[in-house]
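# What the coordinates show
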Amino acid sequence: SSSGSKLAILTVRNSKGVSRPDTFRFTVAQSPVVSILGPNSINLCQGDSAQLTCSQTGIGIRYFWPALNASTRSVTVKDSNDYRVVLTNTISGCSAVSAPVRVRVLPRPVLALTATPDSVCSGEPFSLSAAPSALDSYYFYRNGKLEAKGKSSTYNTTAMQGEKLSVQARASNG
């Protein structure tokens, strides 16, 4: 039934006939609508976390995340699970459950970085290669500053004494 004020009419029928109608009014409260902000699926690398937030706010709103036993509007998740929030309007007493957000925790790719040639003098050219070479994108850093990014797992550069070179990679699953 739709929300709003309703009228009910009650009559009793038995072997002696039909009673006089008795009427009473009651109110049907509107069920809350609840959702979780953001995408319905999140991939995380091991050790990372994501914040999930209920989209609704207001007076008399109570939140409950069953998978976490938490009662806040936003929660931080780090484990694979289907997360839902139960929203209760404490004024009307009505509740609703959100659609799930699926969180998957994936292993971090393990990278190896090699230089060719493996011994150079300052100012000489060399190549850095990251393995595995089948990841989606690579980020090469020199002293913490991004120097190159793209689909290539190889970076050609010039050797400088005392510099720190590193690489990060991203798989297509995030």
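So, a few notes on the structure that sits alongside this text. (Residues numbered from 1 in each chain as written. Predicted model: local features only at pLDDT ≥ 70, side-chain atom pairs only at ≥ 80, totals over all residues. Heavy atoms only, no water.)

## Notes on the packing of aromatic side chains
Evaluated as defined, the whole model comprises 1 aromatic pair. With 5.3 Å between their ring centres and 25° between their planes, phenylalanine 140 and tyrosine 155 make a pair best called stacked. With a gap of 15 residues between them, phenylalanine 140 in strand β15 (residues 137-142) and tyrosine 155 in strand β17 (residues 154-158) connect regions that are remote in the sequence. (Phe/Tyr/Trp six-rings, centres within 6.5 Å; stacked < 30°, edge-to-face > 60°. Helix = DSSP H or I, 4+ residues; strand = E, 2+ residues; numbered from the N terminus.)

## Concerning the side chain of threonine 157
Tracing the sequence through the fold places threonine 157 in strand β17. If sequence neighbours within four positions are ignored, threonine 157 has contacts with Glu124, Pro125, Phe126 and Arg142. (Contact = heavy atoms within 4.5 Å.)

## Concerning the nonpolar core
Residues Ile42, Leu52, Cys54, Trp65, Val77, Val85 and Val103 are the most contacted members of the largest nonpolar core, which totals 18 residues. Within the residue set of this core, elements represented by two or more residues are β5 (41-45), β6 (50-53), β8 (74-77) and β12 (101-106). Residues within four places of valine 103 in sequence aside, it is in contact with Ile42, Leu44, Val77, Asp79, Ser80, Asn81 and Tyr83. Ranked by size, the runner-up nonpolar core spans 10 residues in total, among them Phe126, Ala130, Tyr138 and Ala159. (Core = buried A, V, L, I, M, F, W, Y, C linked by side-chain atoms within 4.5 Å. Buried < 20%, exposed > 50% of the residue type's maximum accessible area, 1.4 Å probe, protein only.)

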